[in-house]
Amino acid sequence: MPTKLSVNVNAIAMLRNRRDLPWPSLEALGRIALQAGASGLTVHPRPDQRHVRFSDLPVIRALIDDEFPEAEFNIEGYPTPEFFDLCAGVEPEQVTLVPDHPSQATSDHGWDFRKHQAFLADVIAPYKKLGCRVSLFADGDGDPEAVAIAKAVGADRIELYTGPYGGCHNSPERAAAVLAGLGKTADAAIALGMGVNAGHDLTVANLPDLIRRIPQLAEASIGHALTADALEFGMAETVRRFRRACGQIV
Ligand SMILES: CC(=O)[C@@H](O)[C@H](O)COP(=O)(O)O
Ligand SMILES: NCC(=O)COP(=O)(O)O
């Protein structure tokens with residue numbers, strides 16, 4: 001199964017939020033992305049709503065339900081009670097729990113599984129009851145024991161935090177070293193029967209090596225670079241370029 005592409009619309013929302021106007025429209029650009037073959041849409045609502053607003057979530061849910069019933073809605077965020085209520089309101093197919101503090105500019109690390117084991121075991125269960133697949137944001141530091149804890153607390157998947165990999169765009173040597181850790185982390189998850197997603201600073205240029213090392217990669221969620229490319233090439237052409245990088249189009 002080739003890696004699925006979930007288009008993260010946070011960056012589009014941030015551009016929209018510069019003005020008190022409804023464009024660029026998440027619904028319209030999400031529709032173009034799904035028409036061009038994206039497998040789903042991702043949002044990461046933050047408490048200050050500086051990216052997607054809470055009111056965007058039902059709009060995206062309706063777009064998927066009414067026009068693209070095969071597509072998946074993936075909601076990422078820190079598991080507060082408010083975040084759970086948001087998820088309960090739109091029942092995403094997948095929830096990705098991320099250890100973000102509200103003060104962080106963007107996500108920059110995975111869970112400390114040893115420290116947060118009991119917390120994660122508690123918070124995951126209600127999402128499973130909602131019927132969501134649960135994925136946990138994980139550092140790609142090649143620590144099989146950490147992955148075993150992710151499995152033990154009930155996660156279905158991990159999402160590899162690929163920010164450090166994306167940060168190596170000008171150094172193939174460093175990229176290879178980071179990729180080794182990501183690969184080892186993925187191997188541990190796959191050996192335990194878990195699925196593996198990846199996200200953060202993935203690009204058309206760095207995806208093929210990641211997927212060569214982790215051919216079972218289930219899904220890449222991509223926003224920042226994809227939105228930048230969409231400005232240059234248009235959303236539909238950009239989604240096709242990313243799908244090619246995922247191995248979906250030869
Ligand atoms: C978990 C993750 O890596 C993404 O959800 C990312 O946080 C999106 O980034 P921005 O919200 O900063 O665009
Ligand atoms: N989970 C990562 C994501 O959704 C998008 O990250 P980025 O491509 O905006 O860095």
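Above this text sits the structure in question.
Scope of this entry: the structure provided in the associated data block. Predicted model only: the values in this text are computed from it and were never measured. In this convention, every chain numbers its residues from 1, walking through the sequence in written order. Chains carry letters and ligands carry numbers; both start at the beginning, A for chains and 1 for ligands, and go up in the order they are written. Only residues with pLDDT of at least 70 are given local features in this predicted model, and only at 80 or more are side-chain atom pairs given and counted; all residues enter the totals for whole chains, interfaces and linings. Side-chain numbers come from the whole structure's heavy atoms, not from hydrogens or water.

Regarding the site of ligand 1
- Surveying the vicinity of ligand 1 reveals the residues Asn-8, Asn-10, His-44, Arg-46, His-51, Glu-76, Val-98, Thr-106, Ser-107, Phe-137 and His-200.
- Here Glu-76 contributes a side-chain N or O atom positioned 2.5 Å from an oxygen atom of ligand 1.
- The method behind every accessible area is Shrake-Rupley, applied with a 1.4 Å probe, and residues are considered shielded solely by the protein chains displayed. Relative to its unbound accessible surface of 360 Å², ligand 1 loses 87% to contact with the protein. Distances are taken per atom, and a residue is near a molecule or strand as soon as one of its heavy atoms is within 4 Å of it. Two N or O atoms count as a polar contact when they lie within 3.5 Å, although within protein this holds only if one can serve as hydrogen donor and the other as acceptor, and sequence-adjacent residues are included solely when both atoms are side-chain atoms.

Considerations on the pairing of strand β3 (residues 72–77)
- Each residue gets one of three labels from its accessible area relative to the maximum for its type: buried under 20%, exposed over 50%, partly exposed in between, using a 1.4 Å probe on protein chains only. Under the scheme used here, helices are H or I runs from DSSP no shorter than 4 residues and strands are E runs no shorter than 2 residues, and both carry numbers assigned from the N terminus. In terms of residue burial, β3 counts as a mostly covered element, since six of its six residues are buried.
- Judged by which residues are buried, β3 turns out to be covered on both faces: Glu-72, Asn-74 and Glu-76 on one side and Phe-73, Ile-75 and Gly-77 on the other are all buried.
- DSSP-based pairing: two strands are paired if at least 2 bridges between them are found. Pairing analysis gives four bridges linking strand β2 (residues 40–43) to β3, with the strands arranged parallel. Across the sheet, the residue bridging to Val-43 is Ile-75, located in β3.
- A clockwise path from the first strand over the helix to the second, with the strands pointing away from the viewer, defines a right-handed crossover. Regarding the hand of the β-α-β motif, the stretch spanning β2, helix α3 (residues 56–67) and β3 is right-handed.
- As paired strands, β3 and strand β4 (residues 94–97) are joined by four bridges and run parallel to one another. Opposite Asn-74, over in β4, you have Gln-94 as the bridge partner.
- Regarding the hand of the β-α-β motif, the stretch spanning β3, helix α4 (residues 81–90) and β4 is right-handed.

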